[in-house]
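Inside the fold
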Amino acid sequence: MPLNPNGICSPTTLEGWHPSNAFWRSRKKQWKAGLKVRQLFSSQLSTRTADYKPARQIKQSKEPMKKSRIVLVFVLFVLIFSTVPQEVTAQTPPTCGYDSNVESILAEVTQEDVVQWIRNFSGEDFVPIGVSQKKILTRFSTQLFNLNVNALAYPYLGEQLRSFGFEEGTYLTDHAYTPNYVPTGTENMIDLHNVGEDYVSSDRNTKVVGNPDQTTTWKNKVVTIPGHGPNADEIVLMTAHMDSTSPQRNTNAPGAEDNASGVAALMEAARLFRFYKFDRTIKIIFFTGEEQGLWGSEAYVEDHPAEMDNIIGVVNLDMFGYDNDQDMCIELHVGTMPDSNQVGTCFTEVNTNYNLGLAYDYVTNGAIGASDHASFWDAGVGAIEVLENFQAHDESFGCNGTQDRNPHYHQITDTIDKMYMPATLATVKAGVGSVASLALPMGKCFATDPQITATPQTESIIVNWAEIEGADVYNVYRSTTSCAGSFTQVAQVSTNSYKDVDIDLENDYFYKVQAAETGAVCYSQMSNCAVARVEVPIFFDIFIPLVIAGE
Ligand SMILES: [Zn+2]
């Protein structure tokens, strides 16, 4: 798609641009409708072409062919004029009105969770990675993929997402790309001072033969939540770069605001969206190589040309939560494409509908292009960038002309203690709520959650629960320590009970069960915790003394 479809958003016609401007909405609608007519027409034509019989056969059946041609023209006529009005209705620009599903999702995004994600990814706390506990001290992209034990953010991310039930290889995938990284010591780093939709990402194709840093492959982590509705082929993207930088980038680059804040938002989305059904498909993408010049997102766009046409919008979250003047003001870098404006408008509606309390500069002309959303702009895909109050904009905008830039940007001092948590939490919620709204929520996956009992038998434990409507399978989890301990999945069953024979006598076993759909990402909440213990039979207690007495 061209950057400015039909030239309707050239700078000269942009006077009076406003998110609520009905004129632009209707222009967008017309453009989409026109596109649908063209697509429909061309698909009908190609179908008809494919149906043509070879010349020899046409000669043999001249009369039927004439009739079928008339029928085809009639069908074509009917199809075009009966289908198009429905298409127009379906393509009404998304509005993100109040939805109780979104409200219940946002109610589960807590400051405690958000703080913990930021702490975990920015090296404040030890995190479990494999069998060990590590701190993530840097997320500079070269270090993420060169086995630096202080930069294990990528495997940590994968383990956390798998623990949410995203199956590796289907709903959790790696998009690998070649960075051709050239360490010169004076690399250009992405700089948010770069302004404009035509921001050009730096070249990642320079090759130096024999350079060891070029033997590594870099990866973006992609979570896919397939849509459940008629618009499942349409995709909403939620993106953030997970890499960080600083003058000591190889050893110490906490990047708490830039961009553990965005990563926290994506983790909350991944954690909560799995309990809901959405009409559209959601993709949550953790980009790397952003600090080198948007390499990860640029490679993703290049490698997924067909997907670009199906993307409804991209919510890119990069660097928010610093709010020294505590005015709750952020910047939405929207740019000038109508598709981007729809995403930006949605974000503002979510902020209003769920009383999130954010103020914002809504930036169209002069929007910053120096983050991963720009890779999608380059492909003509609607996208916004959510940013702290980095620049001073017009006094009439939401931030009243103020500038409140994080002085620790790209420094080793970009740590969580510099951030203002009410603004961080509100921005995470606005991002999560925007993506949920754009994806058209259809309700919870299951109306109820399993309630279980655990009953000891002679040499086994039986776990029982009532069937959950719509569940294909039940995942059974067990802990050997406590209800608050770490649980591992011990079985997946399609019946409403499980017999655990892998037990030791006189040990407590703790169980939880989760209902799931197969071929989808859709889960119930975890059940209650039930505990059982198989005692040593009393028979042995009395038998042994008897034997002794008999001797
Ligand atoms: Zn950033």
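Residues numbered from 1 in each chain as written. Predicted model: local features only at pLDDT ≥ 70, side-chain atom pairs only at ≥ 80, totals over all residues. Heavy atoms only, no water.

Quick notes on the side chain of Asp-243
Counting through the fold element by element, Asp-243 comes out in the loop between β5 (235-241) and α8 (256-273). We note that Asp-243 is buried and unpaired, the nearest opposite charge coming from Arg-139 at a distance of 7.2 Å. Here Ser-141 takes part through its side chain, which lies 3.5 Å from a polar atom of the side chain of Asp-243. Setting aside residues up to four positions removed in sequence, Asp-243 forms contacts with Arg-139, Ser-141, Leu-144, Asp-258, Asn-259, Phe-287, Thr-288, Gly-289, Glu-290, Glu-291 and Gln-292. (Helix = DSSP H or I, 4+ residues; strand = E, 2+ residues; numbered from the N terminus. Buried < 20%, exposed > 50% of the residue type's maximum accessible area, 1.4 Å probe, protein only. Lys, Arg positive; Asp, Glu negative; His and termini not counted. Salt bridge = Lys/Arg side-chain N within 4 Å of Asp/Glu carboxyl O. Polar contact = N/O pair within 3.5 Å; in protein donor to acceptor, adjacent residues only side chain to side chain. Contact = heavy atoms within 4.5 Å.)

A word on the state of the cysteines
Tallied over the full model, the rule gives four disulfides. The disulfide partner of Cys-483 is Cys-529, and the S-S distance across this bridge is 2.0 Å. Across the S-S bond of Cys-483 and Cys-529 the torsion is about -85°, and the bridge reads as left-handed. Placement of the pair is Cys-483 in the loop between β15 (473-479) and β16 (488-493) and Cys-529 in the loop between β18 (508-516) and β19 (530-533), with a sequence separation of 46 residues. Classification of Cys-483 as partly exposed rests on a relative accessible area of 32%. When the bonded cysteines of the protein chain are numbered from the N-terminus onward, they pair as 1-3, 2-4, 5-7, 6-8. (Disulfide = S-S within 2.5 Å.)

Some thoughts on the confidence of the model for the protein chain
Residue-level pLDDT values for the protein chain average 82, and 74% of them are 70 or greater. Low pLDDT, under 50, characterises residues 1-67; the stretch is placed with 67 contacts to residues that sit more than four places away or in other chains. Within the model, the stretch residues 74-92 combines pLDDT values under 50 with 18 contacts to residues more than four positions away or in other chains. (pLDDT = per-residue confidence, 0-100.)

What to know about the coordination of the zinc ion
Bound to the zinc ion on the protein side are His-241 (NE2), Asp-258 (OD), Asp-318 (OD) and Asp-318 (OD), at distances that span 2.0 to 2.7 Å. Look at where the donors of the zinc ion fall in the sequence and you get H-x16-D-x59-D. Here Asp-258, found in helix α8, pairs with Asp-318, found in the loop between β8 (311-317) and β9 (329-333); they are 60 residues apart in sequence, far enough to count as distant. Exposure remark for Asp-258: the relative accessible area of 4% places this residue in the buried category. On the basis of relative accessibility, which here comes to 2%, the residue Asp-318 falls in the buried class. (Donors = N, O, S within 2.8 Å, 3.2 Å for Na, K, Ca; no water.)

Focus: the pattern of salt bridges
Evaluated as defined, the whole model comprises 13 salt bridges. In this structure, the salt-bridge partner of Glu-535 is Arg-533, at a minimum N-O distance of 3.3 Å. It is possible to trace a salt-bridge network through shared partners that takes in Glu-506, Asp-508, Arg-533 and Glu-535.

As for the sheet that holds β8
Pairing is mixed across the open sheet formed by eight strands, whose spatial order is β3-β4-β7-β5-β8-β11-β9-β10. A strand with exactly one partner marks an edge of an open sheet, and here the two such strands are β3 (172-177) and β10 (359-363). If you compare each strand with its neighbour and ignore which way they point, the axes differ by 20° on average. When β3 meets strand β4 (residues 218-225), the two strands line up antiparallel, connected through six bridges. If you follow His-175 over to β4, its bridge partner there is Asn-220. (Pairing = 2+ DSSP bridges. Axes fitted to C-alpha atoms, helices over the stretch in contact; angles between N-to-C directions.)

Considering the environment of Ala-430
Locating Ala-430 in the fold gives a position in helix α13 (residues 421-438). Distance in space between the C-alpha atoms of Ala-430 and Asn-355 is 9.8 Å, their sequence separation being 75 residues. When neighbours within four sequence positions are excluded, Ala-430 is seen to be in contact with Phe-347, Val-350, Leu-356 and Leu-358.

Some remarks on the environment of Leu-157
Assignment of secondary structure puts Leu-157 in helix α7 (residues 153-163). With relative accessibility at 0%, the residue Leu-157 sits in the buried group. Considering only alpha carbons, one finds Leu-157 and Ile-129, 28 residues apart in sequence, at a separation of 9.1 Å. For Leu-157, the contacting residues outside a window of four places in its chain are Phe-121, Lys-221, Met-242, Met-267 and Phe-286.

So, the side chain of Asn-341
If you trace the backbone, Asn-341 turns up in helix α11 (residues 338-353). For Asn-341, a relative accessible area of 5% puts it in the buried group. Looking at Asn-341, its side chain comes within polar contact range of the side chain of Tyr-362, at 2.6 Å.

Considerations on the packing of aromatic side chains
According to the stated counting rule, one finds eleven aromatic pairs in the structure shown. Between Phe-287 and Phe-376 the ring centres are 6.3 Å apart and the planes differ by 45°, which places this aromatic pair in the tilted class. Linking Phe-287 in strand β7 (residues 281-287) with Phe-376 in helix α12 (residues 373-378), this pair joins segments that are 89 residues apart in sequence. Both residues of the pair, Phe-287 and Phe-376, count as buried. Within the aromatic cluster, the residues linked to one another by ring pairs are Tyr-177, Trp-218 and Trp-295. Taking NZ or CZ as reference, Arg-405 lies 3.9 Å from the ring centre of Phe-390, over its face. (Phe/Tyr/Trp six-rings, centres within 6.5 Å; stacked < 30°, edge-to-face > 60°. Lys NZ or Arg CZ within 6 Å of the ring centre and 35° of its normal.)

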